[in-house]
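# Observations on chain architecture
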Amino acid sequence: MNIKSYYKHYHLMLLPGILFLIIFHIVPMFGIIIAFQNFKIGLGIWDSPWIGLENFTYMFQIRDSGLIFYNTVFIAVCKIIAHLVIPLIFAILLNEVRFMVFKRWVQTIVYLPHFLSWVILAGVVIDMLSLDGIFNQIVKAMGHDPILFLASNKWFPTIVISSDIWKEFGFAAIIYLAALAGINPSLYEAAEMDGASRLQQLFYITLPSLVPTVVLLATLSIGNVLNAGFDQIFNLYNPLVYESGDIIDTYVYRVGLVQSQYGFATAVSLLKSVIGFVLIIISYRIAYKYANYRIF
């Protein structure tokens, strides 16, 4: 078979994915011109009046903008840190388990939430945190009044972050488990012969061996600083917790689709996309420099 015709088959296999990307991701980018218009549905994109940067100027003048950017960054950064630390600790603990049947059961149980959508898990969380839910049952058993968890700006960010950890930490630990499996067993054998305890092996062999993986994951996470999780927050929040739970994506949804401020919502979303694009470039440059990671 000719080498050129051999690669043609691979190109044909890529064609459906490329067409999907063009139709649903590249062509819709034409709509970003709405950010520079006072867009009216009746007039359409071509006839809506052009207002330049007024939507962006208005964005920085209203109080909501600073609040949603703060909420987005705060929740996203907390999630990033948690997804670096919690899966690492879990992977190290699970790696020490020698009873394989128990280990597989634990892995299956903690992986399961990752494959469930937030529509399902949000219902579980809401039920657990309701006035008659298990958490308020514990609160009442301790002699306290029940707490409106999902109506409290104090509790809502904690609920968002902790429920996201519950959903993802097991699946995120796979990368660390793979890194642990790649550590040379002879290092542990030599350490045991020198009289090193399990704790000393952890600090002098295991953790140093995982540092490149942690650095790589932390660096690549920089690009997600403005992605706080639309699906999760949209299914959990309500008007009472907009102050602490409203993020850029939910704000764009409410302002654009609910309040019909299409131009302003597009401007907010465009700014987020530009900042996210810059952060992704920076993160990949850092990953290449310090972890020798590259895509091409």
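Look up: the structure comes first, before these words.
Here's a quick rundown of the structure. (Residues numbered from 1 in each chain as written. Predicted model: local features only at pLDDT ≥ 70, side-chain atom pairs only at ≥ 80, totals over all residues. Heavy atoms only, no water.)

Close contact between helix H4 (residues 63-95) and helix H8 (residues 156-181) brings their axes to 6 Å; oriented N to C, the two are set at 45°. In terms of their interaxial angle, H4 and H8 are classed as oblique. For the pair H4 and H8, the sense of crossing is right-handed. A breakdown of the residues in the contact of H4 with H8 according to their chemical character gives 22 nonpolar, 2 polar and 3 charged. (Axes fitted to C-alpha atoms, helices over the stretch in contact; angles between N-to-C directions. Helix = DSSP H or I, 4+ residues; strand = E, 2+ residues; numbered from the N terminus. Parallel < 35°, antiparallel > 145°, perpendicular 65-115°, else oblique. Left-handed = near helix turned anticlockwise from the far one by under 90°. Nonpolar A, V, L, I, M, F, W, Y, C, P; charged D, E, K, R; others polar.)

We now examine a nonpolar patch on the surface. Nonpolar side chains collect at one region of the surface, where Leu 12, Leu 14, Leu 15, Ile 18, Leu 19, Phe 20, Leu 21, Ile 22, Ile 23, Phe 24, Ile 26 and Val 27 lie side by side and expose about 1,100 Å² of accessible area between them. Of note, Leu 15 is situated in helix H1 (residues 3-26). (Patch = residues over 30% accessible without salt bridge, like charges linked within 9 Å, V, L, I, M, F, W, Y side chains within 5 Å. Areas by Shrake-Rupley, 256 points an atom, 1.4 Å probe, with all protein chains shown as cover. Salt bridge = Lys/Arg side-chain N within 4 Å of Asp/Glu carboxyl O.)

When you line up the elements, Asn 71 lands in helix H4. For Asn 71, a relative accessible area of 4% corresponds to the buried category. Within the local environment of Asn 71, its side chain forms a polar contact with the backbone oxygen of Glu 243, the two atoms lying 3.0 Å apart. Not counting the four nearest positions on each side in its chain, Asn 71 is found in contact with Tyr 242, Glu 243, Ser 244, Gly 245, Asp 246 and Ile 247. (Buried < 20%, exposed > 50% of the residue type's maximum accessible area, 1.4 Å probe, protein only. Polar contact = N/O pair within 3.5 Å; in protein donor to acceptor, adjacent residues only side chain to side chain. Contact = heavy atoms within 4.5 Å.)

It is worth spelling out the pattern of salt bridges at this point. Going through the model one piece at a time under the given rule, you end up with 5 salt bridges. A salt bridge links Lys 167 to Glu 168; the shortest N-O distance between them is 3.0 Å. Taken as a pair, Lys 167 and Glu 168 share a single burial class, namely buried. Arg 198 serves as the salt-bridge partner of Glu 192, at 3.9 Å between the closest nitrogen and oxygen. Overlapping salt bridges, with partners in common, bring together Glu 96, Glu 192 and Arg 198 in one network.

Before going further, it helps to examine the environment of Asp 64. For Asp 64, the location among the structural elements is in helix H4. Taking relative accessible area as the criterion, Asp 64 reaches 35% and is therefore assigned partly exposed. The spatial distance from the C-alpha of Asp 64 to the C-alpha of Ile 80 is 24 Å, given a sequence separation of 16 residues.

This part takes up the environment of Phe 149. Along the polypeptide, Phe 149 turns up in the loop between helix H7 (134-141) and H8. For the pair formed by Phe 149 and Tyr 111, sequence separation is 38 residues and the distance between their alpha carbons is 26 Å. Sequence-distant contacts of Phe 149, that is, excluding residues within four places in its chain, are made with Leu 129, Phe 135, Asn 136, Trp 155, Phe 156 and Ile 159.

In terms of nonpolar packing, the biggest core is built from 27 residues, with Phe 90, Ala 91, Leu 94, Val 110, Leu 177, Leu 180 and Leu 210 touching the most fellow members. Only H4, helix H5 (100-111), H8, helix H9 (185-193) and helix H10 (198-220) provide two or more residues apiece to this core. One finds Phe 56, Met 59, Val 255 and Val 268 within the second-largest nonpolar core, a separate group that totals 17 residues. (Core = buried A, V, L, I, M, F, W, Y, C linked by side-chain atoms within 4.5 Å.)

Let us now look at the environment of Phe 169. Among the structural elements, Phe 169 can be located in helix H8. Sequence-wise, Phe 169 and His 114 are 55 residues apart; in three dimensions their C-alpha atoms are separated by 8.4 Å. When residues no more than four places from it in sequence are discounted, the contact partners of Phe 169 are Ile 86, Pro 87, Phe 90 and Val 110.

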